[in-house]
Amino acid sequence: MRPGKLCGIAVVVALGATACGGSGGGGGADKAASGTGFPVKVADCKGSVTFPSAPRKIVTSNAAALEMLLRLGAGDRVIGTGFPPGKGTLPGALDRAARKVPVLGTSVIPKEKLLGSGADLYVDTFGAMDMMGGGGDAPTEEEYTAAGIKHLHLTSTACAPTADKAVTDLSGVENDLRRLGAVTGTGKRADALVAGMRAKVGGVRKAVGDLAPGKRPTYFFFDYDAGTKQPVAVCRKQVANAVIGQAGARNVFEGCEGDFKQVSWEDVVAKNPDWIQLGVRDRGSEAANTKAFDEAAAFLKSFPATKDLAAVRKGRFLRIGSERTTIAGVGNADTVEEIAHTVHADRFKAARQ
C-alpha cells in the first residue's frame, strides 16, 4: 500500500519524509500521533498494521524499543524483552522499571518463546540489520498472525539498512516515538518527547549549523566492545551517523554502505580522525564504566597502529556510552549535545559571553 493512501484515518507513517507531510514540520504524522482514537493504522518498510485498540501485552526485541515504551508511559504493558538494557544504562525510575520486565532472551528471543509469549504486539528493532540479530530462525509473518501477534518494526533501526539514502537526522527516531505513541494511545507524551529532542538538537544547530562539511572536525566512533582485532565502523545508515552529523562533526566512515561494517586499522589510520569516541557499553556502575573507558583509551595509546594518531597523542577522546549513540532513542539528542559541546567548545563558550 502506498503511504499517501494511509492518511485518511488515524495514521503514523514510518518514513515521515516520504509520507503525509514530511519529518521536519509535522504534517499528518504529527496530527495522528497526538490523538488516541482507534482504529490506528501505522506503516513501516515491511507494510502496514492496523490496531483496532491499544495493545495490552507487548514484547520488545531489545533495549531501544523497551526504553521508548517506558518513556511513553506504556512500560506496564511490556511482558518481555530480548537484549535487555544493562543495569544502570537507563536513568533512575526507568532503570528500576526496566529491571521488572521479564527477559525472554539475553540476545535474540528464541522463536518458540516469542510466539508462545502471549503478546499481542512485537516491536522489532532488528529487521534487516546484519549485526544485531536480524538473521536466524525468525518467525514468518504467517506465524506471527497465527499466534495473534502484530509485528511492528522500529524504522530508525530495522528499516535503515534497506533505505535508499543516508541517515542524517533524527527524524526516524522521532517518527518511531510518534508511531508507538499512536499505537499505545500515548500520543501526547510522544509529542512532548519529540519536542524535547528537537529543542536540544535545535540549540546545537544554532551554534554549529553554519559549518560547511569540509570545516567540520572528523570523528571516529571506536566500538571498543566489538573487539580490537578488527574495528567496526558505523556507516551512513546507522543512527550514530546522524548523531555525529547533527553535532557538527563528520563521521570518517560516512561513505560506507549499510549500518555497520568491519574495517581495518589501516583504514582508521588513513582517516586520521580529529576526535575519537570511546564507545563503551554500560557496565552498571560509574566505577566500572570509568575502568572500561580507561582500558579503551589505553589500548589506542599502546596499539602500534593508533598510538601516533594526533587525536590519540592529544587525548581527544569522548567518553560517551555506546547505547545512546548507536541505539535509537531519546538519548540520541543528549549525545548530540555532548559531542557538540566537546568538539565545538569554543563556539558554545562564545555564545555564553
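As shown above, the structure is provided for reference.
Just so you know, the residues in each chain are numbered from 1, in the order the chain's sequence is written. Only residues with pLDDT of at least 70 get local features here, since the model is predicted, and only at 80 or more are side-chain atom pairs given and counted; chain-wide, interface and lining totals rely on the full set of residues. The side-chain quantities take in all heavy atoms of the structure and omit both hydrogens and water.

Asker: Mind laying out the packing of helix α2 (residues 63-72) against helix α7 (residues 171-184), listing which residues take part and the relevant values?
Answerer: When two helices pack together, their arrangement is given by the angle between the helix axes and the distance between those axes. An axis is simply a line fitted to the C-alpha atoms; with a helix, the fit covers only the stretch in contact. Between two such axes, the angle follows the N-to-C directions and lies from 0 to 180 degrees. Secondary structure elements are taken from DSSP: a helix is a run of H or I of four residues or more, a strand is a run of E of two residues or more, and numbering for both begins at the N terminus. As a packed pair, α2 and α7 sit with axes 10 Å apart at the nearest point and diverge in direction by 60°. Our classification of the angle between α2 and α7 gives oblique. Seen along the crossing, α2 lies across α7 with a hand that is right-handed. On α7, the residues touching Met-68, Leu-69 and Leu-72 of α2 are Val-173, Asp-176, Leu-177, Leu-180, Gly-181 and Thr-184. Here is the rule for angles: anything less than 35 degrees is roughly parallel, anything more than 145 is roughly antiparallel, 65 through 115 is roughly perpendicular, and the remaining ranges are oblique. Left-handed describes a crossing in which the near helix is turned anticlockwise from the far one by less than a right angle; the clockwise case is right-handed. Residue contacts are counted whenever heavy atoms from the two residues lie within 4.5 Å of one another.

Asker: Give a detailed account of the state of the cysteines, specifying residues and quantitative values.
Answerer: Formally, a disulfide is one covalent bond, and it connects the sulfur atom of one cysteine to the sulfur atom of another. Any two cysteine sulfur atoms lying within 2.5 Å of each other are counted as a disulfide. On inspection of all chains with the given rule, the structure shows two disulfides. For Cys-45, the disulfide goes to Cys-159, at an S-S distance of 2.0 Å. Between Cys-45 and Cys-159, the S-S dihedral sits near -75°, and the bridge is therefore left-handed. You can see Cys-45 sitting in the loop between β2 (40-44) and β3 (47-51) and its partner Cys-159 sitting in helix α6 (residues 155-159), a full 114 residues away along the chain. Overall, the relative accessible area of 32% leaves Cys-45 in the partly exposed class. Categorising residues by exposure relies on relative accessible area from a 1.4 Å probe, with only protein chains included: less than 20% of the type maximum marks a residue as buried, more than 50% marks it as exposed, and the intermediate range marks it as partly exposed.

Asker: Provide a residue-level description of the sheet that holds strand β13 (residues 275-279), including the pertinent values.
Answerer: Strand pairs in the sheet, formed through backbone hydrogen bonds, run parallel or antiparallel to each other. DSSP-based pairing: two strands are paired if at least 2 bridges between them are found. Sheet architecture is open: four strands sit in the order β11-β9-β13-β14, paired in parallel fashion. The open sheet has two edge strands, β11 (250-251) and β14 (317-318), and neither has a second partner. Strand direction decides the pairing type here: β13 and β14, joined by two bridges, are parallel. Residue pairing for β14: Gln-277 is matched across the bridge by Leu-318. In this fold helix α14 (residues 331-343) packs onto β9 (218-223), β13 and β14, with an angle of close to 145° to the strand it touches most, β13.

Asker: I'd like to hear about the nonpolar core, residue by residue, with values.
Answerer: Membership of the largest hydrophobic core comes to 62 residues, with the highest contact counts inside it found for Val-123, Leu-170, Leu-180, Tyr-219 and Ile-339. Those residues in contact with Leu-170 that lie beyond four places of it in its chain are Met-197, Val-201, Val-239, Ala-242, Val-243, Asn-332, Ala-333 and Val-336. Grouped together as the second largest cluster of nonpolar side chains are 24 residues, Ala-233, Leu-278, Ala-292 and Phe-299 included. The definition of a nonpolar core used throughout is a set of buried Ala, Val, Leu, Ile, Met, Phe, Trp, Tyr and Cys residues joined through side-chain atoms within 4.5 Å.

Asker: Just give me the short version of the side chain of Asn-241, but keep the residues and values in it.
Answerer: Position of Asn-241 among the secondary structure elements: in helix α9 (residues 239-246). Relative accessible area serves as the criterion here: at 7%, Asn-241 is assigned to the buried category. Every residue in contact with Asn-241, bar those within four places of it in the chain, is listed here: Val-167, Cys-235, Arg-236, Asn-251 and Glu-254.

Asker: How would you sum up helix α8 (residues 187-208)? Please name residues and give values.
Answerer: Helix span, as expected, comes to 1.5 Å for every residue beyond the first. With 22 residues, α8 ought to run about 32 Å at 1.5 Å a step, and its terminal C-alpha atoms sit 31 Å apart, in line with that. Every buried residue of α8 is listed here: Gly-187, Ala-190, Leu-193, Val-194, Met-197, Val-201, Val-204, Ala-207 and Val-208.

Asker: I'd love a proper account of unusual backbone geometry, names of residues and values included.
Answerer: A cis amide bond, omega 10°, links Phe-38 with the succeeding residue Pro-39. One can find Pro-39 in the loop between α1 (27-34) and β2. The phi torsion at Phe-83 lies on the positive side, around 35°, for a residue other than glycine.

Asker: Before we move on, could you go through the sheet that holds strand β8 (residues 150-153) and cite the residues and values that matter?
Answerer: As summarised here, the arrangement of the five strands in space is β6-β5-β4-β7-β8, forming an open sheet in which the pairing is parallel. Edge strands, defined here as strands with exactly one partner in the open sheet, are β6 (103-105) and β8. Taking each pair of neighbouring strands and ignoring which way they run, the sheet shows an average axis angle of 25°. Where strand β7 (residues 121-124) lies against β8, four bridges are found, and the strand directions are parallel. Across the sheet, residue Val-123 finds its bridge partner in β8, namely Leu-152.

Asker: Let's hear about the pattern of salt bridges: which residues, and what values?
Answerer: When a carboxyl oxygen of Asp or Glu is within 4 Å of a side-chain nitrogen of Lys or Arg, the pair counts as a salt bridge. Inspection of every chain in the model, using the stated rule, returns 15 salt bridges. Residues Lys-237 and Glu-257 are paired through a salt bridge, measuring 2.6 Å at the closest nitrogen-oxygen approach. Highlighted residues: Lys-237 in the loop between β10 (232-234) and α9 and Glu-257 in the loop between β11 and β12 (260-262), separated in sequence by 20 residues. A single network of salt bridges, built from pairs that share partners, joins Arg-236, Lys-237 and Glu-257.

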